[in-house]
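# Fold and geometry: a report
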Amino acid sequence: MPDTRINAAVALQPIRSVVSASWLYPFKGIYYFCRHPAYYPLFGRRLIPLTITSIVVLGLLFTFTYLPQVAFLAIFHGPTAWFNAAFLVLGEGQVVTALLFEALLVDETLVNVFDATLIKEGQIDLVSPARILHHDAPDEVKMLGKPTSTAVYSPFSFRQILEFILFLPLNLIPILGTPAFLILTGARAGPLHHWRYFKLKGLARKERNAEIRTRRWKYTWFGTIALLLQLVPILSMFFLLTTAAGSALWVVKLEEQKKLIEEAPVIDEENPPAYTDNPI
C-alpha cells in the first residue's frame, strides 16, 4: 500500500514559490546595508582604499584599451561596439579587482557583514558555534569576535578567474553575447555567495551540491545580478559588501522556510482524525 501522507514540503510549496525571487536579494542588501550605520566602519577599513585602487585600474583600462577594443568590435557589432567594449573593459577590470580583493584580504570583511546580518535577523544560533560573540556589545558588528574556525565568505580560485577570462570573448557575439556572458558567469558565482552558509551548517561536499542543485536557477539569477552590480564603476567594492548582506537575508528566509516545514503537521489520509459534529 503506497504511503499517501501529505509531505509538509509539498504542502508548503506555494510559500517557497512566493519567495523564489532570488535576484531581488542583492538589491535588498543595498537597502539593508544603508539602513544600518553599524556597518559603515566595515566599508571604510579596507574597502575605501580598494575602491580608490579599482578606480585607478578602470581609468587606466579605459584610457589605453577601450578605443582599440571598440575598433575591433565594430567589425562584428557595428554601432553597438561602444556598448559591448565597455562591458569588456569592465569585465577585465573585474578580473584585476578580484586579484586585489584576494591580496588585500577583503573576504574577512564580507564574512563580518554576512554574520552580523544573520545575528541581527535572529539567526545567532547559526553563527555562534563558528565564532566568539560578545553579547554585551552595543550592536551586531561589535558583537563579532574572532572566528573559532576558518571563516571564508566566498572561496577564491584561479579556476573561477580563468573561466571568467574564457567567457569574456562571448561579448564579441552581437546582441546575445553580453547577456550570455553575464548568465554563465552568474551561474558559476551564485552558489559561492552561500559558501559561508554551507560551512555554518556543516554541510559536506555531497550535501552542499544537493543544496545547490535544488536552487540552481535561483543561484544563477542571484549571481547574475551580483555580477552586474560589481561591474558598476566606482561603486563595485561597495556592492561587494551589500551583496553579502543580501546573501545573508536570503539565508534567513531559507532558514525560516525550513523551520516552517519541520513544524508543519503531517496529515495521514489513511487514518484521518475521527469526525466530530460541532453544531453552532
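About the criteria used
Residues numbered from 1 in each chain as written. Predicted model: local features only at pLDDT ≥ 70, side-chain atom pairs only at ≥ 80, totals over all residues. Heavy atoms only, no water. Helix = DSSP H or I, 4+ residues; strand = E, 2+ residues; numbered from the N terminus. Buried < 20%, exposed > 50% of the residue type's maximum accessible area, 1.4 Å probe, protein only. Contact = heavy atoms within 4.5 Å. Areas by Shrake-Rupley, 256 points an atom, 1.4 Å probe, with all protein chains shown as cover. Lys, Arg positive; Asp, Glu negative; His and termini not counted. Salt bridge = Lys/Arg side-chain N within 4 Å of Asp/Glu carboxyl O. Polar contact = N/O pair within 3.5 Å; in protein donor to acceptor, adjacent residues only side chain to side chain. 1 Å grid on protein atoms, 1.4 Å probe; cavity = no way out; pocket = protein on both sides within 12 Å on 5 of 7 lines; lining within 4 Å. Points joined across faces, edges and corners; volume = space filled by probe spheres on them. Nonpolar A, V, L, I, M, F, W, Y, C, P; charged D, E, K, R; others polar. Axes fitted to C-alpha atoms, helices over the stretch in contact; angles between N-to-C directions. Parallel < 35°, antiparallel > 145°, perpendicular 65-115°, else oblique. Left-handed = near helix turned anticlockwise from the far one by under 90°. Core = buried A, V, L, I, M, F, W, Y, C linked by side-chain atoms within 4.5 Å. Expected span 1.5 Å × (residues − 1). pLDDT = per-residue confidence, 0-100.

Regarding its fold elements, the chain presents 15 helices and two strands. In the chain, which comprises 280 residues, the share counted as buried stands at 44%. Nonlocal contacts in the chain, meaning residues at least 24 apart in sequence, comprise 73% of its contacts between residues at least 6 apart. Summed over all atoms, the accessible surface of the chain reaches about 15400 Å², with 66% contributed by carbon and sulfur.

Glancing now at the side chain of D139. Following the sequence through the fold, D139 ends up in the loop between β1 (131-133) and α9 (140-143). In this structure D139 is buried but unpaired, with K142 as the nearest side chain of opposite charge at 4.5 Å. A distance of 2.8 Å separates a polar atom in the side chain of D139 from the backbone nitrogen of K142.

The computed volume of the largest pocket comes to approximately 350 Å³. R188, L192, W195, N209 and I212 are, among the 16 residues lining the largest pocket, the residues nearest its centre. Contributions of two or more residues to the lining of the largest pocket are made by α10 (158-167), α11 (177-189), α12 (195-201) and α13 (205-214). In terms of residue count, the dominant contributor to the lining of the largest pocket is α13 (five residues). Partitioning the lining of the largest pocket into residue classes produces seven nonpolar, three polar and six charged.

With that out of the way, let us pick up the packing of helix α14 (residues 216-230) against helix α15 (residues 236-263). Closest axis-to-axis distance for the α14/α15 pair is 8 Å, and the angle between their directions is 155 degrees. In terms of axis orientation, α14 runs roughly antiparallel to α15. Where α14 crosses over α15, the two elements pack in a sense that is right-handed. For the pair α14 and α15, the contacting residues are K218, Y219, F222, A226, L229 and Q230 in the first and S236, F239, L240, T243, G246, S247 and W250 in the second.

Counting 45 residues, the largest nonpolar core has Y39, V113, F114, L118 and Y197 as its most contacted members. When residues of this core are assigned to their parent elements, the largest contribution, 13 residues, is made by α15. Leaving out residues up to four positions away in the same chain, Y39 has contacts with Y32, F33, V113, A116, T117 and V141. Among the nonpolar cores identified, the runner-up in size contains 21 residues, and V57, V70, F87 and L227 belong to it.

On to the environment of G122, then. Mapped onto the secondary structure, G122 falls in the loop between α7 (107-120) and α8 (124-127). According to the relative accessible area criterion, G122 is exposed, its value standing at 54%. For the pair G122 and V252, spaced 130 residues apart in sequence, the C-alpha separation works out to 8.2 Å.

A complete count under the given rule lists three cavities of 30 Å³ or more for this structure. If you add up the space inside the second largest cavity, you get close to 70 Å³. For the second largest cavity, the full set of lining residues is S54, L58, L90, G93, Q94, T97, Q230, L231, V232, P233, I234 and S236. Contributions of two or more residues to the lining of the second largest cavity are made by α4 (40-64) and α6 (81-103). Along the lines of polarity and charge, the residues of the lining of the second largest cavity split into six nonpolar, six polar and no charged.

This part takes up α14. Between its first and last C-alpha, α14 extends 21 Å over 15 residues, near the 21 Å set by a 1.5 Å rise per residue. Of all the residues in α14, the buried ones are Y219, T220, F222, G223, T224, I225, A226, L227, L229 and Q230.

Here we come to the confidence of the model for the chain. Low pLDDT means the predicted atomic positions in that stretch should not be read closely. With 83% of its residues at a pLDDT of 70 or more, the chain shows a mean pLDDT of 82. A low-confidence stretch, residues 1-6 (pLDDT under 50), is modelled with 11 contacts involving residues beyond four sequence positions or located in other chains.

The next subject is the environment of Y25. Take Y25: it is sitting in helix α3 (residues 25-35). Residue classification places Y25 among the buried positions, given a relative accessible area of 4%. Each C-alpha atom of the pair Y25 and F222 lies 7.2 Å from the other, and the pair is 197 residues apart in sequence. The contacts of Y25, once residues within four sequence positions are left out, are F222, G246, L249, W250 and K253.

What follows deals with the packing of α3 against α14. Taken N-terminus to C-terminus, the directions of α3 and α14 make an angle of 50 degrees; their axes are 8 Å apart at the nearest point. Classed by the angle they form, the pair α3 and α14 counts as oblique. Where α3 abuts α14, its residues Y25, P26, F27 and I30 lie against F222, I225, A226 and L229. Residue composition of the contact of α3 with α14, grouped by class: eight nonpolar, no polar and no charged.

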